[in-house]
Amino acid sequence: MTIEISVKRQKSSDEKSYVQTFNYEGDGNLTIADWLTEVNKNEAKTDRIAWECGCLEKKCGACAMLINGYPSLACSVFLRKAAKRGKIHLEPFHKFPVIKDLMVDRSMIFETMKEMKLWLMEKNQSDYTWNRDLQYKAGQCLQCGCCLEVCPNFLSGEQFSGASAMVEAYRAIEQNTRDEHKKEMKEEYQKKFFNYCGQSLSCKSVCPQKLPLDEIQARVNNHK
Ligand code: FES
């Protein structure tokens, strides 16, 4: 098959973006991540396309980008499936500052979690009142940012934390045994998530891990 693959490129955050187009010929049995790796081997033909990856197995979230406008993990999308009328378009996320090409700065995700004090001081190993099944699912969140990219209420640098911090708030609040810290986390959750979420649930529809974000949110909202 022949696929025209266009990539939105930008040398740095202050430079103008442009689109570079490549022609792919093959059976389409490569992921977008494989294709980027192949293109970058041929430095004589083009400057390396900057993008991030880690596991290449849908386990770390580093390779999140817009594929045909939809937030996805590049290591889990195959060319043959992504091609729409023989074309694929790759762009960096729009809600985060571009570092270079397809790489964005997602550090605010972790800064927000720190601001919300989302960590465990102590964990009561013998407390079986947690919902273990839901805690396990919440633990699979990759912090990739796909949920934030589609959220109509989230803007980087603004007060609303978005779903990624909500998932961590659920994990930390339910498992924490220190009442004072739990109270602080609940106040932060109220301030940075609960007061702003418009319940569009676009986060749930786009999550690569298919996390039950509505169920997790209901659980943390009701946590005593
Ligand atoms: S490289 Fe880890 S999820 Fe894609």
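Just above, that's the structure.
Here the residue index of a chain counts from 1 through its sequence in written order. In keeping with the predicted nature of the model, local features appear solely for residues at pLDDT of at least 70, side-chain atom pairs appear and are counted solely at 80 or more, and the whole-chain, interface and lining totals rest on all residues. Each side-chain value is worked out from all heavy atoms of the structure, with water and hydrogens disregarded.

Q: Break down the pairing of strand β4 (residues 70–73) for me, citing the residues and quoting the values.
A: DSSP-based pairing: two strands are paired if at least 2 bridges between them are found. Put simply, DSSP marks the helices as runs of H or I at least four residues long and the strands as runs of E at least two long, and each gets a number from the N terminus on. Direction of pairing for strand β3 (residues 64–67) relative to β4: antiparallel, over a ladder of four bridges. Directly across from L66, in β4, lies its bridge partner P71. In this antiparallel pair of consecutive strands, β3 and β4, the connection spans two residues, and N68 shows a positive phi of 55°.

Q: Pulling in residues and values, what's your account of the nonpolar core?
A: Buried Ala, Val, Leu, Ile, Met, Phe, Trp, Tyr and Cys residues that are joined via side-chain atoms within 4.5 Å together make up what is termed a nonpolar core. Relative accessibility decides the category of a residue: with a 1.4 Å probe and only protein chains considered, values under 20% of the type maximum give buried, values over 50% give exposed, and everything between is partly exposed. Counting 65 residues, the largest nonpolar core has I32, W35, L36, M65, I88, L90 and M166 as the members making the most contacts within it. Among the elements that make up this core, the one with the highest residue count is helix α6 (residues 163–175) (eight residues). We call two residues contacting when some pair of their heavy atoms lies within 4.5 Å. With residues up to four places along the chain from it excluded, the contact list for I88 reads I3, E4, I5, S6, I32, I67, N68, L79, A82 and A83.

Q: Report on the pattern of salt bridges, specifying residues and quantitative values.
A: A side-chain nitrogen of Lys or Arg and a carboxyl oxygen of Asp or Glu constitute a salt bridge if their distance falls within 4 Å. Evaluated as defined, the whole model comprises twelve salt bridges. One salt bridge in this structure joins E38 and K41, with 2.9 Å as the shortest N-O distance. Note that E38 and K41 are positioned in helix α1 (residues 32–41) at a spacing of three residues, about one turn of the helix.

Q: Could you give an account of the packing of aromatic side chains, with specific residues and numbers?
A: Working definition: rings of Phe, Tyr and Trp (its six-membered ring) pair if their centres are within 6.5 Å, and the pair is stacked with planes under 30 degrees apart, edge-to-face with planes over 60 apart, and tilted otherwise. One pass over the full model with this rule turns up six aromatic pairs. Ring geometry for F22 versus W35: centroids 5.3 Å apart, planes at 80°, classification edge-to-face. Residue F22 is located in strand β2 (residues 18–25), and its partner W35 is located in helix α1; the two are separated by 13 residues in the primary sequence. Note on accessibility: F22 and W35 belong to one class, buried. Clustering of aromatic rings is evident, with ring pairs tying together F160, Y189, F193 and Y196.

Q: Break down the state of the cysteines for me, with residues and values.
A: Note that a disulfide, as used here, is simply two cysteine sulfur atoms within 2.5 Å. For the structure on display, the rule yields zero disulfides. Distance from the sulfur of C146, which forms no disulfide, to the nearest cysteine sulfur (C144) is 3.6 Å. Distance from the sulfur of C151, which forms no disulfide, to the nearest cysteine sulfur (C203) is 6.7 Å. Take C151: its relative accessible area is 11%, and that puts it in the buried class.

Q: Which residues make up the pairing of strand β1 (residues 2–9), and what are the values?
A: For β1 and β2, the ladder comprises eight bridges, and the chain directions are antiparallel. When the bridges of β2 are listed, K8 appears paired with V19. Alignment of β1 against strand β5 (residues 87–91), held across four bridges, turns out to be parallel. Looking at β5, one finds that V7 is bridged to L90.

Q: I'd like a description of the environment of I109, backed by residues and values.
A: Following the sequence through the fold, I109 ends up in helix α3 (residues 107–115). Residue classification places I109 among the buried residues on the basis of a relative accessible area of 2%. Spatially, the C-alpha atoms of I109 and C144 are 9.0 Å apart, while their sequence positions differ by 35 residues. Other than its neighbours up to four places away in sequence, I109 contacts F96, Q143, G145, L148 and S164.

Q: Run through empty space enclosed by the protein, naming residues and quoting values.
A: Buried and open spaces are told apart on a 1 Å grid over the protein atoms alone, a cavity being a set of points where a 1.4 Å probe fits but cannot get out and a pocket being an open set with protein on both sides within 12 Å along at least five of seven lines. Residues with an atom within 4 Å of a point are the lining residues. Grid points are joined across faces, edges and corners, and a volume is the space filled by probe spheres set on the points. The final tally for this structure, using the stated rule, is three cavities of 30 Å³ or more. A volume near 120 Å³ is recorded for the largest cavity. Looking at the largest cavity, it is lined by 17 residues, and the ones nearest its centre are C151, F160, C197, L201 and C203. Where the lining of the largest cavity is concerned, the elements lending two or more residues are α6 and α8 (202–206). Partitioned by chemical class, the residues of the lining of the largest cavity number ten nonpolar, seven polar and no charged. Volume-wise, the second largest cavity comes out at about 100 Å³. Here the nonpolar group is Ala, Val, Leu, Ile, Met, Phe, Trp, Tyr, Cys and Pro; Asp, Glu, Lys and Arg are the charged ones; every other residue, Gly included, is treated as polar.

Q: How would you explain the sheet that holds β3 if you had to name every residue and give the values?
A: Taken together, five strands build an open sheet; the order of strands is β2-β1-β5-β3-β4 and the sheet is mixed. Of all the strands in the sheet, the pair left with one neighbour each is β2 and β4. On average, each strand axis in the sheet is tilted by 30° relative to the strand beside it, whichever way the strands run. The axes used here are C-alpha line fits, helices contributing only the stretch in contact, and every angle between their N-to-C directions lies in the interval 0 to 180 degrees. Running at roughly 80° to β5, α1 makes contact with β1, β2, β3 and β5 of the sheet.

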